Amino acid sequence: MLQKYTVIMVATLALAGCAVPPKEGNDPFRIGNIPESVATLAAPDQDLNTARLRSEDNCYWYAHSGPVETTLVPLRSAGGNPICVARQS
C-alpha cells in the first residue's frame, strides 16, 4: 500500500517539473502591467498591482477585495469615469 502512494507522489512530482514557466515580456494583458499615464489618471484607493487591460472592452480593471469575495471592477479616474483605451480602426 505504501509503495502505491510512493509511486503516485513520484509521478506527481515528475509531472510538476514539466510545467511551462510564465514568459516575461511586455504583455499588455498581464496583471499589474499598466502604463504610467494610466496610473496617474487613476483615483486613489484602487489596487493598481492587480490592474489589467481587458480585451473584451479595452478598459482597465482591477481586483477589489471585499469582505466576502474578490471582484473585478473598472479602474476609474478621479472624476469617476472608467479608464479605457481608444479602439483602433
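Cut-offs and rules
- The numbers attached to residues start from 1 for each chain and follow its sequence in the written order.
- In keeping with the predicted nature of the model, local features appear solely for residues at pLDDT of at least 70, side-chain atom pairs appear and are counted solely at 80 or more, and the whole-chain, interface and lining totals rest on all residues.
- Note that the side-chain values use all heavy atoms of the structure and ignore hydrogens as well as water.
- For the purposes of this entry, the term helix denotes a DSSP run of H or I that reaches at least four residues, the term strand denotes a run of E that reaches at least two, and both are numbered from the N terminus.
- Computed with a 1.4 Å probe, the accessible areas rest on the Shrake-Rupley method; for each residue, only the protein chains presented here act as cover.
- In this text, buried Ala, Val, Leu, Ile, Met, Phe, Trp, Tyr and Cys residues form a nonpolar core when linked through side-chain atoms within 4.5 Å.
- Working definition: with a 1.4 Å probe on protein chains only, accessible area under 20% of the residue-type maximum means buried, over 50% means exposed, and in between means partly exposed.
- Between two residues, a contact is recorded if the distance between any of their heavy atoms is within 4.5 Å.
- By definition, a salt bridge exists where a carboxyl oxygen of Asp or Glu is found within 4 Å of a side-chain nitrogen of Lys or Arg.
- To count toward a patch, a residue needs a relative accessible area above 30% and no salt bridge. Like charges then connect within 9 Å, nonpolar side chains (Val, Leu, Ile, Met, Phe, Trp, Tyr) within 5 Å.
- For this analysis, a ring pair means two rings from Phe, Tyr or Trp (six-membered ring only for Trp) whose centres lie within 6.5 Å, classed as stacked if their planes differ by under 30 degrees, edge-to-face if by over 60, and tilted for the remaining angles.
- Two conditions define a charge located above a ring, namely a distance within 6 Å from the ring centre to NZ of Lys or CZ of Arg, and an angle within 35 degrees of the ring normal.
- Disulfide: a pair of cysteine sulfur atoms within 2.5 Å of each other.

Peer 1: Would you mind showing me how to read the overall build of the chain here?
Peer 2: Along its length, the chain carries 2 helices and 3 strands. Of the regular secondary structure in the chain, the N- to C-terminal order runs α-α-β-β-β. Only carbon and sulfur atoms are counted for the fraction: they give 60% of the accessible area of the chain, which is about 7100 Å².

Peer 1: I'm lost on the nonpolar core in this one. Help?
Peer 2: The tendency in soluble globular proteins is for nonpolar side chains to be buried as a group. Ranked by size, the top nonpolar core spans 9 residues in total: I34, V38, A42, A51, L53, Y60, Y62, L75 and I83. In this structure I34 touches A39, L48, A51 and Y60, once residues within four positions along its chain are discounted.

Peer 1: How do you make sense of the pattern of salt bridges when you look at a structure like this?
Peer 2: When their charged atoms lie close together, side chains carrying opposite charge are able to pair. Here the structure, examined in full by the defined rule, presents 1 salt bridge. A salt bridge links R54 to E56; the nearest nitrogen and oxygen atoms lie 3.1 Å apart. Since its relative accessible area comes to 55%, E56 is described here as exposed.

Peer 1: Teacher, can you tell me more about a nonpolar patch on the surface here?
Peer 2: Side chains of M1, Y5 and I8 sit close together on the surface and give an oily, nonpolar patch of about 370 Å² of accessible area. Relative to the elements of secondary structure, M1 occurs in the segment before α1 (2–16). Residue classification places M1 among the exposed positions, given a relative accessible area of 70%.

Peer 1: Got a minute to help me understand the packing of aromatic side chains in this structure?
Peer 2: Centre-to-centre distance and the angle between the planes together describe a pair of aromatic rings. Under the defined criterion, the tally for this structure stands at 0 aromatic pairs. When the ring centre of W61 is taken as reference, the NZ or CZ atom of R54 above it lies at 4.8 Å.

Peer 1: Would you take a moment to explain the state of the cysteines for this structure?
Peer 2: Disulfides are covalent bonds that link the sulfur atoms of two cysteine residues. This model, assessed by the stated rule, comprises 1 disulfide. Each disulfide pairs two cysteine sulfurs, and for C59 the partner residue is C84, the sulfurs being separated by 1.8 Å. Where C59 bonds to C84 through sulfur, the torsion about that S-S bond is close to 85°, and the disulfide is right-handed. Here the residue C59 occupies a position in strand β2 (residues 59–65), and C84 occupies one in the segment after β3 (70–74), the gap between them amounting to 25 residues. With a relative accessible area of 11%, C59 lands in the buried category. Residue C84 is classed as partly exposed on the basis of its relative accessible area of 39%.

Function-wise, these values are silent; they only describe arrangement.
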